[in-house]
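Here are the chains, one letter per residue:
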Amino acid sequence: MRELEVSSREPETVGFRRIGWSAAAACGLAALVHVGTAGLLIGGLLLVVLGWSTVVQPLIGLLMIGLAVQVRPRFSRPRPDLPTLGRDDAPSLFALLDSIADAARARHIDIVQLSGNFAVRLSLTGVRRRPCLELGLPLWQTFTPQQRVAAVAHEVGHFAAGDIRRGTLVGTALSSLAGGADLTQSRPEGTHSGVALSPTSRYADEATTAVNRFKARGRTNNWIMWLPGLLVRGTARLLTRLTRSGSLHVEFQADEVAARIASTRAVDSVLRDRRLADAVGFEVHRLAVTARTFGHGKAASTEREFWDRVAAHARALPHRTGDGPESPLHADPEQPAHRRGEDCAPVPEPQRLARLSRTEAQPATITLDPRLAGTIAEELSAPGSLLARKIIRDCVTR
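Per chain, residues are indexed from 1 in the order of the written sequence. Reporting in this predicted model follows two pLDDT cut-offs: at least 70 for local features of residues, and 80 or more for side-chain atom pairs to be given and counted; totals over whole chains, interfaces and linings ignore these cut-offs and use all residues. Side-chain figures throughout are based on the complete set of non-hydrogen atoms in the structure, without hydrogens or water.

**Q** So what exactly am I meant to see when it comes to the overall build of the chain here?
**A** Per the secondary structure count, the chain includes 13 helices and six strands. Under the scheme applied here, a residue whose accessible area is under 20% of the maximum for its type counts as buried, over 50% as exposed, and between as partly exposed, the area being computed with a 1.4 Å probe on protein chains only. For the chain, buried positions account for 44% of its 398 residues. Should any heavy atoms of two residues lie within 4.5 Å, those residues are counted as being in contact. The contacts in the chain between residues at least 6 apart in sequence include a share of 76% that link residues at least 24 apart. Accessible surface, the chain as shown: approximately 21,500 Å² in total, 59% of it carbon and sulfur. Each helix corresponds to a stretch of at least 4 residues labelled H or I by DSSP, and each strand to a stretch of at least 2 residues labelled E; elements are numbered beginning at the N terminus. Accessibility throughout is a Shrake-Rupley quantity obtained with a 1.4 Å probe, and a residue counts as covered only by protein chains that appear here.

**Q** Teacher, can you tell me more about the pattern of salt bridges here?
**A** Think of it this way: side chains of opposite charge can pair up when their charged atoms draw near. The term salt bridge refers to a side-chain nitrogen of Lys or Arg lying within 4 Å of a carboxyl oxygen of Asp or Glu. For the structure shown, the criterion picks out 13 salt bridges. The partner of R87 in a salt bridge is D98, and the shortest N-O contact between them spans 2.7 Å. Of this pair, R87 sits in the loop between β2 (84-85) and α3 (91-104) while D98 sits in helix α3, and the two are 11 residues apart along the sequence. Under the relative-accessibility criterion, D98 is labelled buried at 13%. Measuring nitrogen to oxygen at the nearest pair gives 3.2 Å for the salt bridge that ties R121 to E134.

**Q** Explain the sheet that holds β2 here, please?
**A** Paired through backbone hydrogen bonds, the strands of a sheet run either parallel or antiparallel to each other. If you walk across this open sheet you meet the four strands as β2-β3-β5-β4, and the pairing is mixed. Here the strands that pair on one side only, and so sit at the sheet edges, are β2 and β4 (120-125). A pair of strands is treated as paired once DSSP finds two or more bridges between them. The pairing of β4 with strand β5 (residues 130-136) spans six bridges and is antiparallel. Across the sheet, the residue bridging to T125 is R130, located in β5. Interaxial angle, 0 to 180 degrees, is taken between N-to-C directions of lines fitted to C-alpha atoms, where a helix line uses only the stretch in contact. Packing of α3 onto the sheet brings it into contact with β2, β3 (111-115) and β5, and relative to β3 it is tilted by some 110°.

**Q** In this structure, what is going on with the pairing of β3? I would like to understand it.
**A** Two faces make up the sheet, and in a regular strand the side chains alternate between them. Within β3, five of the five residues are buried, which leaves it mostly tucked inside the rest of the structure. Of the two faces of β3, the one lined by I111, Q113 and S115 and the one lined by V112 and L114 are each fully buried. Here β2 pairs with β3 via two bridges, running antiparallel. The residue of β3 that forms the bridge with L85 is V112. Bridging between β3 and β5 involves five bridges; their strand directions are parallel. Bridging across to β5, Q113 finds its partner in E134.

**Q** Could you clarify how one ought to interpret the packing of aromatic side chains in this entry?
**A** Each aromatic ring pair is characterised by the separation of its centres together with the angle its planes make. The aromatic pairing rule takes the rings of Phe, Tyr and Trp, using the six-membered ring of Trp, and pairs them if the centres are within 6.5 Å, calling planes under 30 degrees apart stacked, those over 60 edge-to-face and the rest tilted. Taken as a whole and assessed by the stated rule, the structure comprises two aromatic pairs. Taking the centre distance of 6.0 Å and the plane angle of 90° together, the rings of F118 and F143 count as edge-to-face. A residue pair is termed long-range when its members are at least 10 positions apart, and F118 in the loop between β3 and β4 and F143 in the loop between α4 (137-142) and α5 (145-160) qualify at 25 residues. The exposure class assigned to F143 is buried, which follows from its relative accessible area of 2%.

**Q** I tried to follow helix α2 (residues 56-70) on my own but got confused; where do I start?
**A** Helical geometry note: an α-helix holds 3.6 residues per turn, so side chains three or four residues apart project in the same direction. One fewer than the residue count of a helix, multiplied by 1.5 Å, yields its expected span. Look at α2: 21 Å from first C-alpha to last across 15 residues, which is about the 21 Å you get at 1.5 Å a residue. The set of residues buried in α2 consists of P58, G61, M64, I65 and A68. Within α2, the buried residues cover an arc of 120° as seen down the axis, which keeps them to one side. Turned more than 90 degrees away from the buried face of α2, the exposed residues are V56, L59, L62 and L63. Where α2 is buried, its residues contact α1 (21-50). By arc we mean the arc of the directions from the helix axis to the C-beta atoms, nothing more.

**Q** I tried to follow the nonpolar core on my own but got confused; where do I start?
**A** Soluble globular proteins: nonpolar side chains tend toward being buried together. Only buried Ala, Val, Leu, Ile, Met, Phe, Trp, Tyr and Cys residues count toward a nonpolar core, and they belong to the same one when joined by side-chain atoms within 4.5 Å. Core analysis: the largest hydrophobic core is formed by 64 residues, its most contacted members being L93, V112 and F306. Setting aside chain neighbours within four positions, we find L93 in contact with L85, V112, L135, W140, I376, E379 and L380.

**Q** Sorry, what's going on with unusual backbone geometry here?
**A** Negative phi values dominate among residues other than glycine, just as trans dominates among peptide bonds. The phi dihedral of R105 falls on the positive side, at around 60°, and the residue is not glycine. Take R105: it is sitting in the loop between α3 and β3. Positive phi, close to 55°, is recorded for R129, a residue that is not glycine. Relative to the assigned elements, R129 resides in the loop between β4 and β5.

**Q** For this particular structure, what's the right way to read the environment of L67?
**A** Turning to its location among the elements, L67 is positioned in helix α2. Taking the C-alpha atoms as reference points, L67 and G180, 113 residues apart in sequence, are found 7.9 Å from one another.

**Q** Looking at this model, I keep getting lost on the packing of helix α9 (residues 264-273) against helix α12 (residues 349-357). Mind explaining?
**A** Helix-helix packing is described using two parameters, namely the angle between the two axes and the distance between the axes. Packing of α9 against α12 brings their axes to within 10 Å, and their N-to-C directions diverge by 165°. Relative to α12, α9 is oriented roughly antiparallel. Handedness of the α9/α12 crossing: left-handed. Counted together, T264, V267, D268, L271 and R272 of α9 and E349, R352, L353 and L356 of α12 form the full contact between these two elements. Oblique is the label for any angle not under 35 degrees, not over 145, and not in the 65 to 115 range, which are roughly parallel, roughly antiparallel and roughly perpendicular in turn. When the near helix sits turned anticlockwise from the far one by under a right angle, the crossing is termed left-handed; a clockwise turn instead gives a right-handed crossing.

**Q** Before we go on, may I ask you to explain helix α13 (residues 370-394) in this structure?
**A** Between the first and last C-alpha of α13 there are 33 Å, a value that for 25 residues agrees with the 36 Å anticipated at 1.5 Å per step. Residue S381 marks the point of greatest curvature in α13, where the axis turns by about 45°; the proline P383 follows within four residues. N or O atoms within 3.5 Å of each other form a polar contact, as long as, within protein, one can give a hydrogen and the other can take it, and as long as residues adjacent in sequence are counted only when both atoms are side-chain atoms. Its side-chain oxygen 3.1 Å from the backbone nitrogen of R371, D369 forms the N-cap of α13. Looking at the residues trailing α13, positive phi occurs at C395, about 55°. For a residue, the bend is simply the angle between two axes, fitted respectively to the seven-residue segment ending there and the seven-residue segment starting there.

Below, the structure is given as structure tokens:
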């Protein structure tokens, strides 16, 4: 097996870990959120234990413990329903990922999960904060080998540049505030479940009265939770605003890391070809529906050929950049930012393209040659078939 072609140039030191006043304020606010959660838990336990002789104190303590559980820091975990790869399952893929991480001066990726999203996402999972890469096969099949390097390098660049929104302190604080907002959010009346009774039923009037009383109590509870909800949502907005400028800076720096590793041309083509997400996603859904409807008796062959058909469709799409000649870089203020599933980039793509056009074009320090790309494709074949089976069965890519 051929080794990765790595340039002899020494990777530049990543010097993006500057912490401004807004980032410091965000870290302080995130620490206060965690202190408040711990205070709720400890205070609730003390009220239950020390005030057991009374009736009110244990009830208040149990309420505080319940609130603390609801707003606890949430550590993301690998999804159990997605194919998961370790180093022994895909040594060539992990060799590529290790080379990218070393060039970016970032931690090595421990887990790879294949998904049906048009995305590549890197997150920290579990209490140990192990790096987990979600590798969307629709994107992987659409992109050329060098575009794949650029997409992964950009995600790794977020951590190399010190994205505090993905860090442990601020990231878990945002998840805590999201849990608190869900708890205090007022539900519209239409979300209350009811029992459909015939008007001729002898219990129709009694049931209607009981439902109306339940809704009235729900509105009262919403008024009680209005002030805590306002506090939680206001804190979440403030924390998001404090981290926004840093996230904008990190997004540009991640582009620079990707350009240094995969070349400026590859990053430019990735930003342009990400706009094919809707077309590729529609084809994945169409193939899944077709296979589920007409593929009885040949499920195995359909699963093996599923991603090859997606790749063939992607190659035929118009306005696909790939590794072809670049068009002039320009910024279109009327063009909306591309949606990356649940994880939207904070900077519109035209601004990122325009910024790339103002920087000196850089060659690639890591290139993925066709032979190694084929080896990685063989490693992804079996888990890719499992993912195709799941998509065909559920007709859902997420």
